[in-house]
Every structure is written in C-alpha cells, then in structure tokens.
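This is what each chain is made of:
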Amino acid sequence: MKKSLFLFAALLTSGCMVFAQKSNVSKASSALYMDPVNYDEARAAIAEAKVDETTASEPKTWYVAGRIGYTLANNEWNKRYLNQTPDADVLYAGLSEMYNNYIQADALDGKVLDKKGNPKYTQRKNIKGDFKEMLVVYYATGVTLLQNRSYEKSYEILNDYNLIVDNPMFEAKDKIKIDSTYNEVKYYAALSALYGEQPQKALVLLKELTQSNYADKQGVYEQIASTYNALNDSVNYLKALQDGLEAYPSSQFFIGSLVNYYLSSGDYKSALEYVDKVIAKDPTNLEYINVKAELLIQLKQFDKAKEVINAAVSQSGESAKSLYMLGKCWTMEGGSIQDEASLLEDNNAYNAAMLKSKDCYSKALKYFEDAKKQMKSDDGNYEVMLQTMKTLYMQTKGASSPEYQAIDAELKVIQ
C-alpha cells in the first residue's frame, strides 16, 4: 500500500512539473500580447522551460522563445509608421533571438510521423511565415549596421538572412530565394566581415559569389585578390589574379596587378608572357602595348621596345603617350650604354660609348619635346618627364643652356 502511495505521489509530482513548465511556455506566449509587451517576464518564463527536461525538447518551447525576438524586432520595425527611426541594435537583438530559437524549434519539429510516414510538423508553418515576413528587416538591419560600422553585428544578421533562405524548410514553391537580392546580401555580408577584420569569413562568401550570377562578379574577383594581398598571402594572391584574368581577360586591374606582381619579384619574363597573352586577345589595346614596351625596356631589349611602340603608332597614330614611351626608351638605352662605359679601361672605347650615349639622350629629348606639346600638365607622367628632360639637358647641353633653364623654371612653378 505504501509503495502504491509513493508511486502515486511521484507521478503526481512529475505531472505537476510538466504542467508547471507547460504553464511557463503559455505564460511566455501570453506576455507577448500585453500592452506594453513584458519581455523580461516572457524571457524569464521561457528560460525555465528551455532547460527543464519535460519541455526542453518540445518545438513549441523554442518557437515561443523565437517569437519573443520576432515580436521585439517587429514592434521596433513598425516604428516607421509613426515616422520614427527604428533602433538597429534593438532590431539586431530581436532578429538574432528569433533566428537562433526558430532554427532550434524546427530542428526539434517533425519527429512525430503521420500515417503515411511523413514528418508531422507542428511549428514549421508559423516559423516559415515569420521568416518570410521579416526577411526584409534582416536585410535592412544588416545594411544599417554596416553603415553604422557595427561590422560584427552586420555580418551576423546578413549571414542569417542567407542561412534562412538556404534552409531546407523552404521549397522552390515558397519562392523565397530571389537571386539578385540573395547575392547582394551575401556581398554586403562579405564586406561586413572584411571591415570587421574577419577576412577568412569574407573569402568564403566572395568565392561563393564567383559561382553565382551576381551582377558585379569582376568586383568580387578583385576583392578576393585584394584580400589575399592584404593578408600577404602571395600564393593565393597570385592564383586570385590568374583566376580573375582568366574570367576577365580585358581587365586592366588584373593584368596590371599581375604584371606588378611579377615586376616586384623581378620576374620580367613571366610578366611579358602574360602581357603577350592579353595583347593576342586585344591587339589594339594601347595600354597593354605600352606595358609590353615598358617590360622590354626593363629587360634592356630597347630595339624590340621601339618596334612595339612604332607598330602601335602606325595603327593608331602618334600620341603623347607613345612619344613619351619612345623618349623613355632612348633615355634608358643611353643610361645603359653610359653604365657599361664606366667599366671600360680603354679611353677610345670609353669616349665612343659616351658619344653613343649622348646621341641616345638627344633622340630622347626630341621625343620628349614633342610629347610635351601634347601632354597635359596634370598627366601623371608630366612632372617625371620634365625631371628627366632636365637631367638630359644637363648631360647634352649643360646647365647654362636656355633649354635647361626653361625646364628648371617650369619645375619650380609646379613643385
């Protein structure tokens, strides 16, 4: 008899505990309909239910916990109808609470099967409806937080947006995934991660975007390369540049960056190989032709450099840039001859070399003088050219020459 009484008492106690926790779930849910909403009371009640073994595995417990966040965010968002600006931090708190609890609720839902053996969901319909309604709020809040430089929060909310859209609870018929918006949100999430000094998270998202139909994929490839460069990861930086150039063979960013990469490592031949590949696809591009000429000059292949520039001139006509490049070519050739002359011990050979060097400088000046007539003073090469001309006039005519004096005076004005 005593055993039966103890068993009855235990069952009674257990039932009371279950009732108490279910009552907490109802209490939390009811608190959301008060005016004003008592969030502290709702959270306190649901916190007990979430850890008690009788209700912790119930999807409704976690749905109600998520509904607290939904209500907070939704009420804050609706301040717009009162001509008030919603607080992005309050929206962040509500949306995060909503997301984390709803995802857990859905993970616990569907454990019971119907007669056909299919999962019987009790909360999914409501969860899907709330997520659909609040997607625009996730997007707007993430962008606002990004603008406010709250990068960690911005990344989290924007990433939640994409995780919601990718969640298998949504089917094609739900029509929740709009590629243009989805990709734009992912790009903003990547920017948030970058600005928040989380480059690896940003790279994951950026690489996903290269496989999408995002409108500015070239910009994505550029950002990947720039990120690896900032990380001083030369191996991945080089691969990113090569991938970008393969995808966008006419991009000045990739060809220029790739050439600069090889130049910084002294690998002029590899740089020249890439320039030749690009020129083969775009043979009239003067920028690439000038880059090739520059590389040939660095390799001291002066005759080939002149051929490349003159071939471009014959196709497109003479320009300030082509005249400047020819002047630079003759200058570098003269400098190379002068350097070699300094090693000669035979006076006659030395004098002959110096005359040849001076002749190169005179030819360079002719091209520079013609280029100066066409080149605008705000051109990036203008001041450099004047400095070079000043040095060459000193070498060929001396500091007292009117040509030297004129260039010297102009430099003093613009410096």
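Please refer to the structure higher up on the page.
Quantities reported herein were computed from a predicted structural model and do not represent experimental measurements. (Residues numbered from 1 in each chain as written. Predicted model: local features only at pLDDT ≥ 70, side-chain atom pairs only at ≥ 80, totals over all residues. Heavy atoms only, no water.)

Caption draft 1: Quick look at the overall build of the protein. Helix and strand counts for the protein come out as 18 helices and zero strands. The burial tally for the protein puts 43% of its 415 residues in the buried class. In the protein, once contacts between residues fewer than 6 apart in sequence are set aside, the share between residues at least 24 apart is 57%. (Helix = DSSP H or I, 4+ residues; strand = E, 2+ residues; numbered from the N terminus. Buried < 20%, exposed > 50% of the residue type's maximum accessible area, 1.4 Å probe, protein only. Contact = heavy atoms within 4.5 Å.)

Caption draft 2: Just unusual backbone geometry, in detail. In this model, Asp 35 is joined to Pro 36 through a cis peptide bond whose omega is 5°. Assignment of secondary structure puts Pro 36 in the loop between α1 (2–31) and α2 (39–51). Even without being glycine, Asn 83 reaches a positive phi, approximately 60°. Classification of Asn 83 by relative accessible area gives exposed; the value is 77%. A positive phi angle, close to 60°, is found at Asn 232, a residue other than glycine. Relative to the elements of secondary structure, Asn 232 occurs in the loop between α9 (217–230) and α10 (234–247).

Caption draft 3: Molecular detail of the nonpolar core. Of all hydrophobic cores here, the largest spans 118 residues; its most connected members are Ile 46, Phe 131, Met 134, Tyr 138, Ile 255, Met 385 and Met 389. Beyond its immediate chain neighbours, meaning those up to four positions away, Ile 255 contacts Leu 245, Tyr 274, Val 275, Val 278 and Tyr 288. (Core = buried A, V, L, I, M, F, W, Y, C linked by side-chain atoms within 4.5 Å.)

Caption draft 4: Representation of the layout of surface pockets. Estimates place the volume of the largest pocket at around 360 Å³. What lines the largest pocket is a set of 17 residues, among which Asn 260, Glu 287, Asn 290, Val 291 and Glu 294 lie closest to the centre. For the lining of the largest pocket, the secondary structure elements donating two or more residues are α11 (252–264), α13 (286–298) and α15 (320–341). Counted as a void, the second largest pocket has a volume near 170 Å³. Among the secondary structure elements, those contributing two or more residues to the lining of the second largest pocket are α8 (199–210), α9 and α10. A total of four residues in the lining of the second largest pocket trace back to one element, the largest contributor, which is α10. Tallied by class, the residues present in the lining of the second largest pocket amount to four nonpolar, three polar and three charged. (1 Å grid on protein atoms, 1.4 Å probe; cavity = no way out; pocket = protein on both sides within 12 Å on 5 of 7 lines; lining within 4 Å. Points joined across faces, edges and corners; volume = space filled by probe spheres on them. Nonpolar A, V, L, I, M, F, W, Y, C, P; charged D, E, K, R; others polar.)

Caption draft 5: Focus on the side chain of Lys 186. Tracing the sequence through the fold places Lys 186 in helix α7 (residues 179–195). In this view, Lys 186 contacts Asn 162, Leu 205, Glu 208 and Leu 209; residues no more than four positions away in its chain are not counted.

Caption draft 6: Examining helix α12 (residues 268–281) more closely. For α12, with 14 residues, the first-to-last C-alpha span of 20 Å sits near the 20 Å given by 1.5 Å per residue. Residues of α12 that are buried: Ser 270, Ala 271, Leu 272, Tyr 274, Val 275, Val 278 and Ile 279. Close packing links the buried residues of α12 with α10, α11 and α13. (Expected span 1.5 Å × (residues − 1).)

Caption draft 7: Expanded view of the pattern of salt bridges. This model, assessed by the stated rule, comprises 22 salt bridges. Between Asp 130 and Arg 67 there is a salt bridge, with the nearest N and O atoms lying 2.7 Å from each other. Linking Asp 130 in helix α5 (residues 124–147) with Arg 67 in helix α3 (residues 59–77), this pair joins segments that are 63 residues apart in sequence. Taking the relative accessible area as the measure of exposure, Asp 130 reaches 7% and is therefore buried. Note that Asp 243 and Lys 239 form a salt bridge whose closest N and O atoms lie 2.8 Å from each other. Pair noted here: Asp 243 and Lys 239 are both in helix α10, with a separation of four residues, about one helical turn. If you follow the salt bridges from partner to partner, you end up with Lys 128, Lys 132 and Asp 174 in one network. (Salt bridge = Lys/Arg side-chain N within 4 Å of Asp/Glu carboxyl O.)

Caption draft 8: Up close: the packing of α7 against α8. Where α7 meets α8, the closest approach of the two axes is 7 Å, and the angle between their N-to-C directions is 155°. On the basis of their axis angle, the class for α7 and α8 is roughly antiparallel. The two elements α7 and α8 meet at a crossing, and its hand is left-handed. For the pair formed by α7 and α8, the contact residues are Asn 183, Lys 186, Tyr 187, Ala 189, Ala 190, Ala 193 and Leu 194 on the first element and Pro 199, Lys 201, Ala 202, Leu 205, Leu 206, Glu 208 and Leu 209 on the second. Of the residues in the contact of α7 with α8, the class split is ten nonpolar, one polar and three charged. (Axes fitted to C-alpha atoms, helices over the stretch in contact; angles between N-to-C directions. Parallel < 35°, antiparallel > 145°, perpendicular 65-115°, else oblique. Left-handed = near helix turned anticlockwise from the far one by under 90°.)

Caption draft 9: Here's a closer look at α9. In this model, α9 (14 residues) spans 20 Å end to end at C-alpha, consistent with the 20 Å of a helix rising 1.5 Å per residue. Within α9 the residues assigned to the buried category are Gly 219, Val 220, Tyr 221, Ile 224, Ala 225, Thr 227 and Tyr 228. Check the buried side of α9 and you find it contacts α7, α8, α10 and α11. Where α9 terminates, the next one or two residues include Asn 232, which has phi positive at roughly 60°.

Caption draft 10: Representation of the packing of α5 against α7 in the model. At a minimum axis distance of 10 Å, the contact between α5 and α7 shows a crossing angle of 30°. Considered as vectors, α5 and α7 are oriented roughly parallel to each other. Here α5 and α7 pass one another in a crossing that is left-handed. In this structure, α5 uses Tyr 139, Val 143 and Leu 146 to contact α7, whose residues at the interface are Thr 181, Glu 184, Val 185, Tyr 188, Ser 192 and Tyr 195.

Caption draft 11: Representation of the side chain of Ser 401 within the structure. Mapped onto the fold, Ser 401 is located in the loop between α17 (382–396) and α18 (402–414). With a relative accessible area of 7%, Ser 401 lands in the buried category. A distance of 2.8 Å separates a polar atom in the side chain of Ser 401 from the backbone oxygen of Gly 398. (Polar contact = N/O pair within 3.5 Å; in protein donor to acceptor, adjacent residues only side chain to side chain.)

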